[in-house]
Amino acid sequence: MTDMPGDLAPPHPELPTQPPLIFDLKMGDVLYRHHQIVLDPIYFGTTGKNRFDDPDCPAGHSFGVLYAAEDAHGAFIESCEISARAPAVSGAYLDARAMALLEVTEDLRFVDLFTTGGLTRIGADSRLFAGSHMIAKQWSAALRSHPCKPDGIRYPARHDHARAAYAIFSRPPSTFEVSSLGSLMAPANRSLLNDILTLYNVDLI
């Protein structure tokens, strides 16, 4: 017997004719990105390892994707590989990463899968942001090519559906004015870190 519902179907032929729900990020709005310190915070990945990457990565690609979140909690939980059996994160792991604030310098438009109604408008369901990466990559490429010309995808964070995450398609670095909070282990960030760890019941080791 087939285990239902299985993977989401690939993008359907009618998608270009369906008007998606659009979320407008306004100039001056701020996103958060928890990134490796060895990498620039403005990093449009082309490894093919992440959900909404170009499906042609890594052999070849038409676009890269920068991942961010609407707040620090979402950026943390999406970037950390937390074990389900013993949720914990090490101080060394956090010291190797920084929390960056990305202030947008122009208005951006996103296909909105976070707000109610967004998924059904394009004939998709929650498997798009919680199921197969291979299928999600195909949808990412199809949505990027949609006639509405979005700048990316806004979607529920996989580990905390109440928080919005962003997959931003390649664009000039000047789109963002970057500032940094530094490592979450820094004394100035311990209150924020404690709040995050308490919310997600994650131990610091």
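Our subject in this report is the structure included herewith. (Residues numbered from 1 in each chain as written. Predicted model: local features only at pLDDT ≥ 70, side-chain atom pairs only at ≥ 80, totals over all residues. Heavy atoms only, no water.)

### A few points about the overall build of the chain
So, point 1. Secondary structure assignment for the chain yields six helices and 10 strands.
So, point 2. A globule of 205 residues ought to have a C-alpha radius of gyration of about 17 Å, and the chain, at 17 Å, matches this closely.
So, point 3. Projected onto the principal axes, the alpha-carbon positions of the chain cover approximately 50 × 50 × 35 Å.
So, point 4. The proportion of buried residues among the 205 residues of the chain is 44%. (Helix = DSSP H or I, 4+ residues; strand = E, 2+ residues; numbered from the N terminus. Rg over C-alpha atoms; globule rule 2.2 N^0.38 Å. Buried < 20%, exposed > 50% of the residue type's maximum accessible area, 1.4 Å probe, protein only.)

### Things to note about the side chain of Lys-137
So, point 1. Considering the arrangement of structural elements, one finds Lys-137 in helix α5 (residues 133–144).
So, point 2. Despite its burial, Lys-137 remains without a salt bridge, the nearest opposite charge being carried by Asp-53 at 5.7 Å.
So, point 3. Non-local contacts of Lys-137, meaning those with residues more than four positions away in its chain, are made with Gly-48, Asn-50, Arg-51, Asp-53, Asp-54 and Pro-55. (Lys, Arg positive; Asp, Glu negative; His and termini not counted. Salt bridge = Lys/Arg side-chain N within 4 Å of Asp/Glu carboxyl O. Contact = heavy atoms within 4.5 Å.)

### What about unusual backbone geometry?
So, point 1. Of the consecutive residues Cys-57 and Pro-58, the connecting peptide bond is found in the cis state with omega at 0°.
So, point 2. Within the element layout of this structure, Pro-58 appears in the loop between β2 (30–36) and β3 (65–69).
So, point 3. Of note in the backbone geometry, Lys-149 takes a positive phi value of approximately 50° without being a glycine.
So, point 4. You can see Lys-149 is positioned in the loop between α5 and β7 (152–157).
So, point 5. In this model, Asn-201 sits at a positive phi of 55°, which is unusual for a non-glycine residue.
So, point 6. Here Asn-201 is to be found in the loop between α6 (190–200) and β10 (203–204).

### Observations regarding the nonpolar core
So, point 1. Counting residues in hydrophobic clusters, the biggest one holds 23 residues, and the most contacted among them are Phe-52, Leu-113, Ile-122, Leu-128, Trp-139, Ile-153 and Tyr-155.
So, point 2. Broken down by secondary-structure element, the contributors of at least two residues to this core are β3, α4 (127–130), α5, β7 and β8 (160–169).
So, point 3. Top element by residues in this core is α5. It accounts for four residues.
So, point 4. Leaving out residues up to four positions away in the same chain, Leu-113 has contacts with Gly-118, Leu-119, Ile-122, Leu-128, Phe-129, Ile-153, Arg-154, Tyr-155 and Pro-156. (Core = buried A, V, L, I, M, F, W, Y, C linked by side-chain atoms within 4.5 Å.)

### Points about the environment of Gly-64
So, point 1. Locating Gly-64 in the fold gives a position in the loop between β2 and β3.
So, point 2. A residue is classified by how much of its surface remains accessible, and Gly-64, at 2% relative accessible area, is buried.
So, point 3. Not counting residues within four places of it along the chain, the set of residues in contact with Gly-64 comprises Phe-44, Gly-45, Thr-46, Ile-168, Phe-169 and Ser-170.

### Structural notes on the pattern of salt bridges
So, point 1. A complete count under the given rule lists seven salt bridges for this structure.
So, point 2. The partner of Asp-151 in a salt bridge is Arg-171, and the shortest N-O contact between them spans 3.0 Å. Placement of Asp-151 in the loop between α5 and β7 and of Arg-171 in the loop between β8 and β9 (176–182) is noted, with a sequence separation of 20 residues between them. Here the two residues Asp-151 and Arg-171 agree in accessibility, since each one is buried.
So, point 3. Here Asp-160 and Arg-163 are joined by a salt bridge, their closest N and O atoms 3.0 Å apart. Neither residue differs from the other here; Asp-160 and Arg-163 are each classed as buried.
So, point 4. Each of Glu-70, Asp-112 and Arg-154 takes part in salt bridges that share partners, so that together they form one network.

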